[in-house]
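# Results of the structural survey
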Amino acid sequence: MAKSKEKVKQSKIDKLYGPKRSEKKGSTSEENADLLRIARERADEGATYWKDTWELAEEDLRFLSGDQWPEQVRTERAEENRPVLTNNVLPTFVDRIVGDQRKNKPSIMISGTNPSRVKQKVVTEDGQEVEEEVELKISNINGTKEYSLAQVMQGVIRGIEYNCDAEDAYDESFQAEVESSLSYLRVRGDYVADDTFEQDLLIEAIENQFSVIIDPSFKKAAAGDMNWCLIDEMMDKDVFEKEYPGKASEPIDSRNTALKSWFTGKKVRVSEYFVREPIIREMALMSDGKSYYMDEIEDVIDELIEQNVTIERTRKVKTYKVIWRKITGHDVLEGPIELPCTTIPVVPVFGKKISIKGERIYRSFHRNAHDAQRQANYWDSASTESVALAPKAPFIASVDQIEGHPEWQDANTKNYSVLTYTKESPADPGPKRSQPASIPAAEISLAMRSTDKIKSTIGMFDASLGAASNETSGVAIENRQRETETSSFVFLDNHSKSVVRVGRLLIEMIPTYYDTERVTRMLFEDGSEDFVKLNEKILDKEKDEWITINDLSVGKYDVVVKTGPAYATQRQQAADSLLKFAAAVPASAAVIGDLVAKEFDWPGSERLASRLQKMIPPEFLTAEERKQNEEDKQDIEEKPLTPDQELAMRELDVREKEAVAKEKSAEADIAEAEADVIKAQLETKDAQDALKAIEGQAAAGGDLANQVRELVAQAIAEITAQQN
């Protein structure tokens, strides 16, 4: 019987894999049942523990959004048509803290703790070739620069932050921490594109902080030692059934109360379930000084022996592995997948902690100001009500005085130019207006005091909010602002600790996600970029074997978080400070001109800085700058000209010669003109002498003498005009 087309196609696909693939044995139904039972118990345990924090966090968010009156009070006042005012000033204070954080961006900074070293053949001064250990460096793809492993790791992490918009995740998590006392970041992998198998790492903020349940038994900052975590999502049943056909979308056992929270109405609760399990691994110290886990080298022990690399000693190490699954209360939908990290890649960002009998409760930035805000709302409403309900100042008059004058009936609502009345007697003073209602000073005073209580409770006062104050000097104003920053610093500090843990997760996970040969972009603080090739395979001709170089997993790194203005802002501040310094110390201007030019961000500033650097005496330059100047000079002297450059040089030479010829011709013309002037001056002098002689003869009179005099005068005038 002929095979179906589908079976033939599948058979051909199977051959592409070579030997039969080994498939990981899946969990049995009994194992899954036990695993799901533990997951449900942990979910209930965590929900009970975090209930108080969640309720207070939800109240914080609702209160901040303007829901600040108890529902019963609001209803009663609405039924009585009494004012219910909400003068919500809390967002002003929250926005100030969030704005400060956004001006001082957090960024992950990497440093190498133990630079990796490799043996490299070098030629000594006497011409001998020897092996010596040098720090391992990675060249860019152009071969023009070298970077240490820590610099490459830093550039890769900064590239990850840029690609996944980690800045937005940091901002969102900090704002949620300030507003509600808790938020979460996570690190996960995803494919770079649909048509590739290369994966990249993403840093994300979990939008719904109430969907995360973490192990409450953690001890370390940012919960780095928690052993389990669930991230819940409520899916519509019809969507769930399409995505996971054959899986239960309703509780199988309706008597099992533990399933009630997993199947509600038309929703199915789907959870990402992380478990951190302790394991024992054996570490080996090799004769070449490197350390490996035995399970990592067990397949290449023979090759190591051939290279005369042996195991010096071993020891047992307690570490952890992290397993990810996607579950419901009934089924394991996806997984298990072992993640390349030793801590769960979900990072909480907590507000200010308060411990009560071992139970942690976290508070938001504005929680303690709620009562003062309620008080301000109440007294604003009360004073408004008192003024609104007070009668307008009425007129007091007898019936006879206003009889026949209907305008008095609406004198308090209309503007009459004249109000007339009937005078009862000559001494009748007429209608009088009573005293107007007094302003409720006590209620207004209490409302103002409530506003001051909000500021003192939060720790932010008018001067820190930009209002004018007694401080006049820059130092005094800065000190007042620092006091405000101190009151809110715990929130920024907790956020920084969480970002540090994100950095440690990236360091753990990058070697696994970047384990194939690939060109990776490095991003630098100033926005520039470079490219390096990681995990490059090269052939060792001496040993006739392929080896991997540029492997980031061989390095050891430390992580810190730097907070400060964006790089462009730092450059502006640096340029301003350098200009002020040059003005204060004029002698320094001659040696810092290149530094000033570098900090400007207009086009051409880098070229200007390079030119100015060549004008600075060598003793004021660094060794690297002197080397750069020498290299530039050698390039100019040694680099051969291209045909276009040679043609341009010849054209320039011709132009210079033409210019010289024109200059000489002009000089000759000037000399000739000067000679003409001198000649004219001499002729003028001779003519003037002749004129004097004629004038002497004119004493005898005669018309002829007068005519000659006129002709000479005319000739002199013509010569003079030619000179001018």
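Check the entry above for the structure.
Being a predicted model, the structure only gives us computed values, none of them experimental.

What counts, and at which threshold
Residues numbered from 1 in each chain as written. Predicted model: local features only at pLDDT ≥ 70, side-chain atom pairs only at ≥ 80, totals over all residues. Heavy atoms only, no water. Helix = DSSP H or I, 4+ residues; strand = E, 2+ residues; numbered from the N terminus. Buried < 20%, exposed > 50% of the residue type's maximum accessible area, 1.4 Å probe, protein only. Areas by Shrake-Rupley, 256 points an atom, 1.4 Å probe, with all protein chains shown as cover. Salt bridge = Lys/Arg side-chain N within 4 Å of Asp/Glu carboxyl O. Phe/Tyr/Trp six-rings, centres within 6.5 Å; stacked < 30°, edge-to-face > 60°. Expected span 1.5 Å × (residues − 1). Arc of directions from axis to C-beta. Pairing = 2+ DSSP bridges. Core = buried A, V, L, I, M, F, W, Y, C linked by side-chain atoms within 4.5 Å. Contact = heavy atoms within 4.5 Å. Axes fitted to C-alpha atoms, helices over the stretch in contact; angles between N-to-C directions. 1 Å grid on protein atoms, 1.4 Å probe; cavity = no way out; pocket = protein on both sides within 12 Å on 5 of 7 lines; lining within 4 Å. Points joined across faces, edges and corners; volume = space filled by probe spheres on them. Nonpolar A, V, L, I, M, F, W, Y, C, P; charged D, E, K, R; others polar.

## Details of the overall build of the chain
Broken down by element type, the chain carries 20 helices and 24 strands. By the burial criterion, 33% of the 724 residues in the chain qualify as buried. For the chain, the computed accessible surface area is about 46,000 Å², with 51% contributed by carbon and sulfur atoms.

## Re the pattern of salt bridges
Taken as a whole and judged by the stated rule, the model has 21 salt bridges. The partner of Arg96 in a salt bridge is Asp100, with the nearest N and O atoms 3.7 Å apart. Taken together, the residues Arg96 and Asp100, both in helix 5 (residues 90-103) and four residues apart, mark about one turn of the helix. What makes Arg96 partly exposed here is its relative accessible area of 25%. Under the relative-accessibility criterion, Asp100 is labelled partly exposed at 22%. Among the salt bridges present, the one from Lys414 reaches Asp410, with a minimum N-O distance of 3.5 Å. Through salt bridges with shared partners, a single network forms among Asp34, Arg37 and Glu41.

## What to know about the packing of aromatic side chains
To describe a pair of aromatic rings, one takes the distance between the centres and the angle between the planes. Summed over all chains, the structure comprises nine aromatic pairs. For the pair Trp50 and Phe350, a centre-to-centre distance of 6.1 Å together with 15° between the ring planes defines the contact as stacked. Of this pair, Trp50 sits in the loop between helix 2 (29-49) and helix 3 (51-64) while Phe350 sits in strand 15 (residues 346-350); the two residues are 300 residues apart in sequence, bridging distant segments of the chain. For the ring pair Phe218 and Phe350, a centre distance of 5.9 Å and an interplane angle of 10° mean the geometry is stacked. Residue Phe218 is located in the loop between strand 8 (212-214) and strand 9 (228-236), and its partner Phe350 is located in strand 15; the two are separated by 132 residues in the primary sequence. For Phe350, a relative accessible area of 8% puts it in the buried group. The structure contains a cluster of three or more aromatic residues connected by ring pairs, namely Tyr49, Trp50, Phe218, Phe350 and Tyr362.

## Description of helix 13 (residues 441-458)
For helix 13, spanning 18 residues, the distance from its first C-alpha to its last is 26 Å, which sits close to the expected 26 Å at 1.5 Å a residue. Glu443, Ala447, Ser450, Ile454, Lys455 and Ile458 are the residues of helix 13 that are buried. Within helix 13, the buried residues cover an arc of 140° as seen down the axis, which keeps them to one side. Across from the buried face of helix 13, at angles greater than 90 degrees, the exposed residues are Ala441, Ala442 and Met448. Phi turns positive one or two residues past the end of helix 13, at Gly459, with a value near 95°.

## Quick notes on the pairing of strand 16 (residues 352-356)
Direction of pairing for strand 16 relative to strand 17 (residues 359-363): antiparallel, over a ladder of five bridges. Along strand 17, the bridge assignment pairs Lys352 with Arg363. Hairpin connection, strand 16 to strand 17: the antiparallel pair is bridged by two residues, and Lys357 has positive phi, about 55°.

## Side note on the nonpolar core
With 83 residues, the main nonpolar core has Ile108, Ile214, Cys229, Val346, Val502, Leu506 and Ile510 as its most contacted residues. If you tally residues by element for this core, the top one is helix 14 (residues 474-513), at nine residues. For Leu506, the contacting residues outside a window of four places in its chain are Ile108, Ile157, Val187, Leu201 and Ile203. Among the nonpolar cores identified, the runner-up in size contains 16 residues, and Leu90, Phe174, Ile458 and Met460 belong to it.

## Considerations on the pairing of strand 13 (residues 311-327)
Inspection of the sheet shows strand 11 (residues 267-286) paired to strand 13 by 16 bridges, in the antiparallel sense. Pairing of Ile280 across the sheet is with Lys318, part of strand 13. In the sheet, strand 13 pairs with strand 14 (residues 332-339) via five bridges, with the strands oriented antiparallel. Paired with Val322 across the two strands is Leu339, which belongs to strand 14. In sequence, strand 13 turns back onto strand 14 through a hairpin of four residues.

## Brief notes about helix 5
Relative to the 20 Å expected for 14 residues at 1.5 Å per residue, helix 5 spans 20 Å between its end C-alpha atoms, a close match to the ideal helical length. All buried positions along helix 5 are accounted for by Leu90, Phe93, Val94, Ile97, Val98 and Gln101. Down the axis, helix 5 shows its buried residues gathered within 130° of arc, on one side only. Opposite its buried face, helix 5 presents the exposed residues Asp95 and Lys103, each directed more than 90 degrees away.

## Brief notes about the sheet that holds strand 15
Spatial ordering of the open sheet is given by 7-6-15, a layout of three strands whose pairing is antiparallel. Each end of this open sheet is capped by a strand with a single partner; those strands are strand 7 (199-205) and strand 15. Here the strands of the sheet are splayed against their neighbours by 20° on average, with no regard to which way each runs. In the sheet, strand 6 (residues 182-191) pairs with strand 7 via seven bridges, with the strands oriented antiparallel. Bridge pairing in strand 7 links Arg186 to Glu204.

## Examining empty space enclosed by the protein
Counted by the stated rule, this structure contains one cavity of 30 Å³ or more. Estimates place the volume of the largest cavity at around 30 Å³. Along the walls of the largest cavity sit Asn87, Val89, Gln373, Ala376, Asp380, Thr451 and Ile454, which together make up its complete lining. Elements with a contribution of two residues or more to the lining of the largest cavity: helix 11 (370-389) and helix 13. If you tally residues by element for the lining of the largest cavity, the top one is helix 11, at three residues. A class-by-class count of the residues in the lining of the largest cavity yields three nonpolar, three polar and one charged.

## Notes on the environment of Pro336
Examined against the element boundaries, Pro336 turns out to sit in strand 14. For Pro336, a relative accessible area of 32% gives the class partly exposed. Sequence separation between Pro336 and Val322 is 14 residues, and the spatial gap between their C-alpha atoms is 9.9 Å.

## So, the side chain of Ser498
Relative to the helices and strands, Ser498 is located in helix 14. You can call Ser498 buried: its relative accessible area is 1%. Excluding anything up to four places from it in sequence, Ser498 contacts Ala222, Val347, Pro348 and Val349.

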